[in-house]
Every structure is written in C-alpha cells, then in structure tokens.
Amino acid sequence: MAWYLRATMKRALVILACLGTALGAAESPPFGFSAERATALRPIELRLHDTIRPDACRREHRIFTEEPHLAGSPRNYELAQYMAEEWKAYGLEEIALVEHPVYLPWPVRYEATLVEPFEKKLSLTEDGVSQDKDSYAADVGIPYCAYSENVDVTAQIVYVNSGNPEDYDVLAREGIDVRGKIALARYSMPYSYRGFKALTAQRRGVAALILYSDPADDGFKKGEVFPWGPWGPESHLQRGSIVYDFNLPGDPRSPGWSSVPGGRFVPAAEAISVPRVAAAPMSARDAGLMLGRLGGPVAPAAWQGGLPFTYRLGPGPAKLHLVVENDKKVRSIWNVIGKIRGREAPDEWVVLGNHRDAWVYGGVDPSTGTATLMETARAFGELARGGWRPRRTLVFGSWDAEEFTLTGSTEWGELEADRLRAGAVAYLNVDASASGPNFSASSVPALARFLREVAMAVPDPSGGSVYDAWRRRQATPAGEEPPVATRLGSGSDYTVFLNFLGVPVADLGFDGPYGVYHSIYDNFTWVDRIGDPGFYYHAAMARYWATAAIRLAEADHVPLDYATYARDVQAYLDEAATSAKAHGVTIDLSAAQAAAKRWEQEAGAALERAQRALASKDTTAVTRIHQALMRVERALLDAEGLSGRPWYKHLLYAPRPTYKPLVLPGVIEAIEARDAARVSSEVGRLTRALERAATTLEATR
Ligand SMILES: [Zn+2]
C-alpha cells in the first residue's frame, strides 16, 4: 500500500489512537529517514498535499499565459516581478530578481517568397482557430530560430528529410549537391535537436536551412488537431533555438563564468556555441508549397511524410527567395530566486527550478511547470508562515531564457557555483509539468529509488498512487519497477547542475500527446481543454515535487543510492568494450571495472552502516555518511572537462549534439575517433573519478 494511503488511513484512525489503540506493526520509513523523523514528516506531507489545489494552479496558469513572454521582453520581466511579490506574500524569504546581461538575439525580418515555378509570398503566420482567442492575437512576434545567421538568398530547394548526416549521405549517393541550396528539413520523430540539424547543414555547406513541421510527425496524420485534439493545425510552426549548447550552454560570451552587469565577456562571434548557418521555422502549409514542386528522384519510403503528394528530393524546380534577419543584441534576463532557510543546515540546498520564458504563450512549455512551481511555493510558504522551517534550505528558482541556451539556469549556476558545490543536495527540475496523464521521471541513477518511493506517496488523479498509475500506464511486469530514465542528455535546466557542478538531478513531469510545441497554439486553451482539463495533473505534480523536496530537506541522510549507480556504470563499461571492438580500438577497462565494483561495494556498505546508525540513533555517524553521500556526484567531475567542450565536466554523462544521452562521453568519443592514445588517457581519468567516488564513501567507515 502506498505511503500516502497508509498515512491517510492513519489520519482516519486518529480517534482510535487517542483511545490508546496501537496502530499495528511499524512500516519502514522512507529512504534516508529514521522512524522518529518519518513520523514527524507524515503530517507535514499531508499538509502540503492538502494545501495544493488544482483551481489555484489553473488561476496561476492563466496569469502566466495571458500574453507572449519571450525572454528579454517587458512582459517576462513583469512576470518575474509578479512572481517575486507573490512569493513574498506566500512566506518565502531572501527573494531576489537576479539580472544577467546575455547575448539574446531577437528577430527583425523573416520573409520567404517562392520565385519558381511561380511567384508566391509565403504567409509564415499561424491562423486563428475557433474557440481560442489567443490564436487570433495580432502581435505574437516574428517566428524565428534563435542564434541563426542572417541571410538574403535566392536558391533552389532540396529536401533533406530530418537533416541528419545519414540523410545528406543518401542525397550524395543520388548525386545531389546540396551546396548553395536551401535545405528543407522536417522536425522528426524520433527527435533530434534542431541545433544538430543546423550544425549538420553548416558542415554540408547549404545556403540556409528551413525546419518545417510535417503532419506525419505532429499534425493531422497523428490524429485530431487543435482545438479538437492535441495535434498541430496545418499552419503551426515550431520556433526554437539552434544554438550549439551541446558544446556550451549559457551566455556564449561567458564560457564557465557568470554574465553579470559590468562583468567580463568574450565576443559572441568567437563562441563555440554560436552557429554559422541561417535557419528558420516553417509550417507544413508553407513548406508544402515548395515540397510539392520538387522534381528529381522520388524520396525514399521512410522520407515520405503526411502531405498529399509524393515527396521528391529536388533540387528545384521550386526556388525560394529567403530573408532572415535577427538582431545580435545583448539583453537583460531575470531569474527569480526565493528561499525557505533551513533550521539545522542552512547551507545545504535543495533546489527546485522551472523556466519562465516562452516562445509565445508557453501554455505547456513552460507555464504548466510555472503554475506548478507557484503552487508548490505557496504550499511551502503556508507552512513557513506558521513558523515551520525545513532542516535544510529550500531554494526556488524561476529561470529566464531557457529556450535560448538554458541561459538563466546556467548563469545562476555559474554565479552560485561555490555555494552549490559545497552544499547542493539535489536539483529537481520541472519544465512542462502536465501535458497529459503519463508520469515520467529521469534522474541520475542514485535518485531512481527515491523517485519511485515518492511516487508511492502521492495520489494520482486517476486513482491509487502516482506509482500505481505509472506502473499501469507503462504496463510494468510484476516484479519489475517502472522505468526512471537514468541516462541524461540535455534540453532543460538541469544541465548546469549535473554537467558543470556535479549535483544529483531529476527531471519530472506528466506528459501525453502534444503537437503544438513552440507554436502559438501552445497556450491556455490547449492546456485547459486538451492537456489537463481541471488541472488535476498540475496539482499532482505540485504534490510530487513538494514531497520530493521535503524529503530531501528533512531526511537524516540524503537518499542517494550509489550502489545502483555503480552497477549501471559497470554496464556502461561493458558497452564501451563492445563499442571499442566494433571500432577496432584496443581498450583495457579492467582497472575501471575494478574501481566501479569497489564503488558499488563501498556504497552498499555505507548505506548498511547508515541503517545501523539510524537504528542506534548514532547521529554523528549518520551525519558523516550524509556528508559523504553529498560529495559523491561531485567526485565524478573532472576539472578539465571533455575534449573540445571543457564546460562539460561530468565524466559519466553528456549530451550528444542530437541531445541524445551519451554515457562515458570521454571514453566513447575517443573510441569513435579511433584515437588509441586518447582512449587510454580517457579510461585513466574515468578510473580515477570512480576511485574518488569509492574513496569518498570508504571514508565513512
Ligand atoms: Zn521548456
């Protein structure tokens, strides 16, 4: 039975308890808790759950989605001020609007005119749809790809499918020269980050890249379109950044340090994260005008999309005059920070974060998460106003400009690097919180057990606990656990915490079918009618987030399971061996395997000692183990960082340029480069990191 349900039953049994009736056998306390502290935790969790209301989430969501609020806009600053005032009224402390001047280009001009086989100006706008007033708004800004190069070019169109390297290889085999042409690529399922498509286009020498939304990927071929269903109408288009943040997230002008007013900067033009190619987003309706007028070979079957004609590769005869102009300005962005100071360990921080900026209204992305953050903060504030304090400090962060280069969170993480390295317990990220009913969690392996336990403690709107619903929806076989994705790539604000600072991170949300991402239809009406009618999943996410945060803030020792982590790493090492074989590279992983084994044993032994110390109330020993557990993730960083992208310091995880997770990035990239000397030096520093992790835990003996 779920912790929450047991607790609810116990609440019902209070009268019996008052009569002196025993409650029966004691259940085991949550991971990291002594029995006494678990007993004290229970009423606080229930108060948090009771305070959180779906209607309050809906009210906040409407406020945050009322107007477009792109990073750098007056509206997004206004929302930051509103948030700060609300947090103060809720009872949060040390509220700050933190300013960062960052390279943040905005669009000036975007025009596209078909000039062959006939002349027609493309609309490049999204139509209003019935029952949704927001989609009729006059000024939603010029759609664009942030960090695109400027271009004014007339060239033939060539269809490049997803715009990945293997797609260009197919074209090359057909004898099609893409150089100087305008490449038309579709957003694709499975997903590859648009910045990777841009990098590939840049390398292949195209004149410009157009990214369009094919109906087979997120439109009418998938099902009912908005406002009747979750999928994108034919005129929807996906804005987005093409920045190379897989090389360097945050302000391109301050690699590894924070952009502050009057601070030190390098020219953006020299940054390894700024693309040298022009790119722009387009709807299927506009792209179809060109795509339907291509000659050349018929595209492969897998490249055929949802538009009602046979897709051909081109080039031409369709020819386009394309003008893309973005300003290259520095603008101020604003993070909002609020805290509830810890009563026993104020320098130990549990950080909850979500971004606030949106491409347009940000219905799902990120305002579902923002409404959830507001409600979570309100629930904690209510406890705080009653005189309660957590053992450790709770830090609430509303990040700006996530949509650009994960900018706000990265600049804040760099600003607070010393304090975070010394005292961060964990970072809990929620980007979109509720676009459907399917719970999904990703985290470092050390947090997976904890996240499952929290799911058992939170009721699901469909009945039972979030854990029960998660199992049901994932059809998890008996005897197995529902999957926490423990291979972390990138694409949201947890990146600085994990890859730069070595803080254990989790990324959480409920999702469902969603075809309006980064379009004007990602708005209040979509969420209210389609994504989460009643806002019950918003409330469930707030309860989940609050429960995870309170447990991390109150636990006797931080609930991190490094034995599981170390076992996962042993599997990664096996994969590296397989990859080396496939690439014909010699590799000796015996020392790394031995270090991972030792880490696993030390982690298991430390947790056993923690159990005994909790039972015997040996607080000195518990604290020693707690402090060691807090340092283990940090031990997996290497100050020099990864080859070619030194900002990325974690040796177990990094994003590939596609955003796909890459485990053991240093070793795997050396293998893929078939560089034997580099392989051996990468294995060496990985082994040392694993040894450090083991030794950190061994020191608690
Ligand atoms: Zn987002």
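Rules of the game
Residues numbered from 1 in each chain as written. Predicted model: local features only at pLDDT ≥ 70, side-chain atom pairs only at ≥ 80, totals over all residues. Heavy atoms only, no water. Helix = DSSP H or I, 4+ residues; strand = E, 2+ residues; numbered from the N terminus. Rg over C-alpha atoms; globule rule 2.2 N^0.38 Å. Buried < 20%, exposed > 50% of the residue type's maximum accessible area, 1.4 Å probe, protein only. Areas by Shrake-Rupley, 256 points an atom, 1.4 Å probe, with all protein chains shown as cover. Lys, Arg positive; Asp, Glu negative; His and termini not counted. Charge placed at Lys NZ, Arg CZ, Asp CG, Glu CD. Pairing = 2+ DSSP bridges. Axes fitted to C-alpha atoms, helices over the stretch in contact; angles between N-to-C directions. Contact = heavy atoms within 4.5 Å. Right-handed = clockwise from strand over helix to strand, strands pointing away. Donors = N, O, S within 2.8 Å, 3.2 Å for Na, K, Ca; no water. Tetrahedral: all angles 85-135°; square planar, octahedral: opposite > 155°, others 65-115°. Expected span 1.5 Å × (residues − 1).

**Student:** An account of the overall build of the chain is requested, with residue identities and associated values reported.
**Tutor:** A tally of regular secondary structure across the chain gives 23 helices and 18 strands. A compact globule built from 701 residues should have a C-alpha radius of gyration of about 27 Å, and the chain, at 26 Å, falls within 12% of that. Here the C-alpha coordinates of the chain stretch approximately 85 × 60 × 55 Å along the principal axes. Within the chain, the proportion of its 701 residues that are buried is 62%. For the chain, the accessible area works out to roughly 24,700 Å², and carbon and sulfur atoms hold 53% of it. Charge separation in the chain, taken as the distance between the mean sites of 77 positive and 86 negative side-chain charges, equals 3 Å.

**Student:** Describe the environment of S188, with residues and values.
**Tutor:** In this fold, S188 is placed in the loop between β6 (182–186) and α7 (194–204). Overall, the relative accessible area of 7% leaves S188 in the buried class. Expressed as a C-alpha distance, the spacing of S188 and E234, which sit 46 residues apart in the sequence, is 16 Å.

**Student:** Requested: an account of the sheet that holds strand β9 (residues 279–282), with residues and values cited.
**Tutor:** The strand order across the open sheet built from seven strands is β3-β2-β10-β5-β6-β7-β9, with neighbouring strands paired in mixed fashion. Lying at the two open borders of the sheet, with one neighbouring strand each, are β3 (120–121) and β9.

**Student:** Requested: an account of the sheet that holds strand β12 (residues 345–355), with residues and values cited.
**Tutor:** Ordered in space as β1-β11-β13-β12-β14-β16-β15, the seven strands form an open sheet in which the pairing is mixed. The two strands at the open ends of the sheet, each matched to only one other strand, are β1 (93–103) and β15 (438–443). Within the sheet, the average angular offset between the axes of one strand and its neighbour, ignoring direction, is 20°. As judged from the three bridges shared by strand β14 (residues 424–429) and strand β16 (residues 505–511), these two strands associate in the parallel manner. What sits directly across from L428, in β16, is A506. Contacting β1, β11 (330–340) and β13 (392–399), helix α5 (residues 74–90) crosses the sheet at an angle of about 10° to β11.

**Student:** Help me get a handle on the pairing of β13, residues and values and all.
**Tutor:** Every other side chain in a regular strand lies on the same face of the sheet, so the side chains alternate between the two faces. A large share of β13 lies buried, amounting to eight of its eight residues. When β11 meets β13, the two strands line up antiparallel, connected through five bridges. Counted as the bridge partner of K339 is V395 from β13. Sheet topology places β12 next to β13; eight bridges connect them, and they run parallel. Among the inter-strand pairings, G353 is bridged to a residue of β13, identified as G397. Where the polypeptide runs from β12 across helix α10 (residues 367–385) and back to β13, its parallel neighbour, the crossover connection is right-handed.

**Student:** Hey, could you go over the coordination of the zinc ion for me, with residue numbers and the actual values?
**Tutor:** Within the protein, the atoms that donate to the zinc ion are H355 (NE2), D365 (OD), D431 (OD) and D431 (OD), at distances of 1.9 to 2.5 Å. Taken together, the four donor atoms surrounding the zinc ion define angles of 55 to 145° at the centre, an arrangement classified as irregular. All donors to the zinc ion come from one chain, and their sequence spacing reads H-x9-D-x65-D. Within this pair, whereas D365 is found in the loop between β12 and α10, its partner D431 is found in the loop between β14 and β15, the two being separated by 66 residues in sequence. A residue is classified by how much of its surface remains accessible, and D365, at 7% relative accessible area, is buried. Accessibility expressed as a relative area gives 13% for D431, which makes it buried.

**Student:** Can you lay out helix α20 (residues 590–615) for me, pointing to particular residues and giving the numbers?
**Tutor:** Residues spaced three or four apart along an α-helix face the same direction, because each turn holds 3.6 residues. The end-to-end C-alpha separation of α20 is 38 Å, in line with the 38 Å expected for 26 residues at 1.5 Å each. Just beyond α20, the residue with positive phi is K617, at close to 55°.

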